[in-house]
Amino acid sequence: MEITDVGMSKERQIQTTNLTKSNAVTMAIAARKSQTSTVSTIARTTADILRWNSTRWIEWNNFCSGANKFDSASLRTPAGSLNIFIHDIKVDRWVSGEIKKHGVWERDIMNLIHHYLASDKDLNLLDIGSHIGQFSLLAGKMGRMAVAVDPLQENVLRLCKSIQLNNYNSLVKVFYVALSDSRKKVTFIKDPGNIGGTRVHPVNSSTGTSFNPNIIDTVFLDDLLPLIPFKKAFMKMDVESHENSVLKGGNNFFATLDIPYVLMEWFQHVNNPVSAMEIINFMTLHNYKPYLVNTNSNPLRTNDYKKWPTNVLWKK
């Protein structure tokens, strides 16, 4: 797909290269304060899609304006049903396949996120590794704000279309980017039949500005901070074993925002003591404890991390 109509909003070209930690926090807080009075009054007519271009964020106002014909399904959430654009189930048999057949993927996660959002009117959603965005769309259905992050063009195109179809343009913001602990260019290693299992891999590439859907920049989690439109959120993170790398780039993010819950895929760290301990040490430093994915359990023992389940809920 060739994108020919790329809109750039000058006020959103926020420079974050070579910032010190203190400058990054100061800029982030200032930017968020300046947005607070306007974010609820601006009625968008297109989805809010942002992509990193070497040193700044660029807003793509017409990212999904083309006549793409995507399969669709009814997403059944605890807040009600809504339409969602999905992949052909031959190439995405798990997420899209389950939504097509049963109306939801990971019902337990959907119910958990709904429970915490419904229990706290100030809580919004950070959807890191959003895929086609079913959890972000749940937040929109509840009238909450969501920030979705995903590096795959085919995922972001479908989420963009779903946002516009359901008129969540002012509620769901999408960062079309990959997160890591360094800035570099990456390409994708795809799992046949399972788009949700896509992983990133560093690649040597020129720093040209031409669009290539198979190569994308990585940024720090902290780089998102100036454009986060809320102060408090539930974070869901599913980035195919790169959770520790994402966290390393997010110290200011966690120090600035109120994130009482972090839901994290864990099974890929069970046999990787390096990544497991990096995550445990980071989360412990930021005052989190690990729990089973439910609303009523005792903390898990950190020295038993090899026995932890597929997903873990970190709570302050």
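Preceding this paragraph is the structure being described.
Keep in mind that what you see is a predicted model, and the values were worked out from it rather than measured.

Student: Honestly, the pattern of salt bridges in this entry has me stumped. Any pointers?
Tutor: If you walk through the whole model with that rule in mind, you get 12 salt bridges. Here Asp 223 and Arg 183 are joined by a salt bridge, their closest N and O atoms 2.8 Å apart. You can see Asp 223 sitting in the loop between strand S11 (216-219) and strand S12 (232-237) and its partner Arg 183 sitting in the loop between strand S8 (178-179) and strand S9 (185-191), a full 40 residues away along the chain. With relative accessibility at 31%, the residue Arg 183 sits in the partly exposed group. Here the salt bridges share partners, and the residues they tie into one network are Arg 44, Asp 48, Glu 59 and Lys 173.

Student: What is the right way to look at the pairing of strand S1 (residues 48-52) in this model?
Tutor: Sheet faces and side chains relate simply in a regular strand, where the side chains alternate between the two faces. Across the 5 residues that make up S1, a large majority, 5, are buried. Of the two faces of S1, the one carrying Asp 48, Leu 50 and Trp 52 and the one carrying Ile 49 and Arg 51 are both buried. Relative to strand S7 (residues 172-176), S1 runs parallel, the two sharing 3 bridges. Bridging from a neighbouring strand, Asp 48 pairs with Lys 173 of S7. In this sheet, strand S2 (residues 57-59) lies alongside S1 in antiparallel orientation, the contact comprising 3 bridges. Bridge pairing links Trp 52 to Trp 57 in S2. The turn joining S1 and S2, which pair antiparallel and follow one another in sequence, is formed by 4 residues; a positive phi near 70 degrees is taken by Ser 54.

Student: Help me understand the sheet that holds strand S5 (residues 124-128) in this model?
Tutor: In sheet architecture, strand pairing relies on hydrogen bonds along the backbone and comes in two forms, parallel and antiparallel. Strand order in the open sheet made by the 9 strands is S2-S1-S7-S6-S5-S12-S13-S15-S14, with mixed pairing throughout. Each having just a single partner strand, S2 and strand S14 (289-291) make up the two edges of the open sheet. Ignoring strand direction, the axes of neighbouring strands in this sheet form an average angle of 20 degrees. Strands in contact with helix H4 (residues 134-141) are S5, strand S6 (146-150), S7 and S12; relative to S5, the strand with the most contacts, it is inclined by about 165 degrees.

Student: It is not clear to me how helix H8 (residues 273-285) should be interpreted in this structure. Could you clarify?
Tutor: Side chains of residues three or four places apart in an α-helix project in the same direction, reflecting 3.6 residues per turn. In this model H8 runs 18 Å from its N-terminal to its C-terminal C-alpha over 13 residues, within 8% of the 18 Å that 1.5 Å per residue would give. By the burial criterion, the buried members of H8 are Ser 275, Ala 276, Ile 279, Ile 280, Phe 282 and Met 283. What you see down the axis of H8 is that its buried residues fit within an arc of 165 degrees, all on one side. Opposite the buried face of H8, by more than 90 degrees, sit the exposed residues Val 274 and Leu 285. Contacts made by the buried residues of H8 are with helix H6 (243-248), helix H7 (251-256), strand S13 (258-265) and strand S15 (311-315). Asn 287 occupies a position one or two residues after H8 and carries a positive phi of about 70 degrees.

Parameters and conventions
Just so you know, the residues in each chain are numbered from 1, in the order the chain's sequence is written. Where totals are concerned, whole chains, interfaces and linings use all residues; where local detail is concerned, this predicted model gives features only for residues with pLDDT of at least 70, and gives and counts side-chain atom pairs only at 80 or more. Side-chain metrics in this entry use all non-hydrogen atoms of the structure; hydrogen atoms and water are not considered. By salt bridge we mean one thing: a side-chain nitrogen of Lys or Arg within 4 Å of a carboxyl oxygen of Asp or Glu. Numbered from the N terminus, helices here are DSSP runs of H or I no shorter than four residues, and strands are runs of E no shorter than two. Only protein chains enter the area calculation, which uses a 1.4 Å probe; residues under 20% of their type maximum are buried, those over 50% are exposed, and those in between are partly exposed. We call two strands paired when DSSP finds no fewer than two bridges between them. With axes taken as lines fitted to C-alpha atoms, and helix axes fitted only over the stretch in contact, angles between N-to-C directions fall between 0 and 180 degrees. Here, two residues are considered to be in contact whenever any of their heavy atoms come within 4.5 Å of each other. In a helix, the anticipated span is given by 1.5 Å times the number of residues less one. Of all possible arcs, the one meant is that of the directions from the helix axis to the C-beta atoms.

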